[in-house]
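Architecture and fold: a report
Here is what each chain is made of, one letter per residue.
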Amino acid sequence: MRGLRQNLVAVAGLSLIAGIAIGLMIPRPGPPTPPAGGQNIPATVDPSSAGRKMFSPIVLGDDYVRGKHLELVASLERQCRATGKDCQLAKAARAAVSAQR
């Protein structure tokens, strides 16, 4: 009985080591690729650059960012009308977006 148990432990240990080794040899997929088509983000493109400057300190002038700000302000205003909450925040947000023009 003791010999059988030792054999089972030995086989289990070797199987574990072989499984880890095989797992390390299996190639892993690369980074996920963005879906083709679908959401095309409008960009403010400088003719001298290759695309949007999303890390620029003047990102507030970007059309995409401005559009998102307007969506958020509209959402805050809808919430204010529907619930009566955060009306001061909605007013301040509208003023801030208007001041960026």
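In this report, we go over the structure that sits alongside the text. In this text, all values refer to a predicted model and were calculated from it rather than measured experimentally.

Reading guide: rules and limits
Residue numbers restart at each chain and count upward from 1, following the sequence in its written direction. Given that the model is predicted, a residue must reach a pLDDT of at least 70 before its local features are reported, and side-chain atom pairs must reach 80 or more before they are shown or counted; all residues, however, enter totals for whole chains, interfaces and linings. To get the side-chain values, all heavy atoms of the structure are used, and hydrogens and water are removed first. Note on terminology: pairs of cysteine sulfur atoms within 2.5 Å are recorded as disulfides. Each residue is assigned to one of three classes by its accessible area relative to the maximum for its type, calculated with a 1.4 Å probe on protein chains only: buried under 20%, partly exposed between the two thresholds, exposed over 50%. Secondary structure elements follow DSSP: runs of H or I no shorter than four residues count as helices, runs of E no shorter than two count as strands, and numbering proceeds from the N terminus. Only buried residues count toward a nonpolar core, which is a set of Ala, Val, Leu, Ile, Met, Phe, Trp, Tyr and Cys residues joined through side-chain atoms within 4.5 Å. By definition in these notes, contact holds between two residues if any of their heavy atoms fall within 4.5 Å. Residues forming no salt bridge and having over 30% relative accessible area are the ones grouped into patches, like charges within 9 Å of each other and nonpolar side chains (Val, Leu, Ile, Met, Phe, Trp, Tyr) within 5 Å. For the area figures, the Shrake-Rupley method with a 1.4 Å probe applies, and any residue is considered shielded solely by the protein chains shown. A pair is scored as a salt bridge if a Lys or Arg side-chain nitrogen falls within 4 Å of a carboxyl oxygen belonging to Asp or Glu. Lines fitted to C-alpha atoms define the axes, with helix axes restricted to the stretch in contact, and inter-axis angles between N-to-C directions lie between 0 and 180 degrees. Reported orientations rely on four angle classes, namely roughly parallel under 35 degrees, roughly antiparallel over 145, roughly perpendicular from 65 to 115, and oblique for the rest. Crossings are sorted by hand: turned counterclockwise from the far helix by less than a right angle, the near helix makes the crossing left-handed, and turned clockwise it makes it right-handed.

1. Section: the state of the cysteines
Scanning the model with the defined rule gives one disulfide in all. A disulfide bridge connects Cys 80 with Cys 87, and the sulfur atoms are separated by 2.0 Å. As the torsion about the S-S bond is roughly 100 degrees, the Cys 80-Cys 87 disulfide counts as right-handed. The class for Cys 80 is buried, based on a relative accessible area of 18%. Overall, Cys 87 belongs to the partly exposed group, its relative accessible area being 31%.

2. Brief notes about unusual backbone geometry
Positive phi, close to 60 degrees, is recorded for Asp 86, a residue that is not glycine. Secondary-structure assignment places Asp 86 in the loop between α2 (63-83) and α3 (87-99).

3. Here we look at the side chain of Arg 66
Residue placement: Arg 66 occurs in helix α2. With relative accessibility at 18%, the residue Arg 66 sits in the buried group.

4. So, the nonpolar core
Core analysis: the biggest nonpolar cluster contains six residues, these being Val 73, Leu 76, Cys 80, Ala 90, Ala 93 and Val 97. Within the residue set of this core, elements represented by two or more residues are α2 and α3. Leu 76 has contacts with Leu 89, Ala 90 and Ala 93, leaving out every residue within four places of it along the chain.

5. Focus on a nonpolar patch on the surface
A contiguous nonpolar patch, built from Leu 16, Ile 20 and Leu 24 and spanning about 330 Å² of accessible area, is present on the exposed surface. Of note, Ile 20 is situated in helix α1 (residues 2-25).

6. Description of the packing of α2 against α3
Viewed as axis vectors pointing N to C, α2 and α3 meet at an angle of 155 degrees, and their least axial separation amounts to 9 Å. Relative to α3, the element α2 is oriented roughly antiparallel. You can see that α2 and α3 cross each other, and the crossing is left-handed. In this structure, α2 uses Arg 66, His 69, Leu 70, Val 73, Leu 76, Glu 77 and Cys 80 to contact α3, whose residues at the interface are Cys 87, Leu 89, Ala 90, Ala 93, Arg 94 and Val 97.

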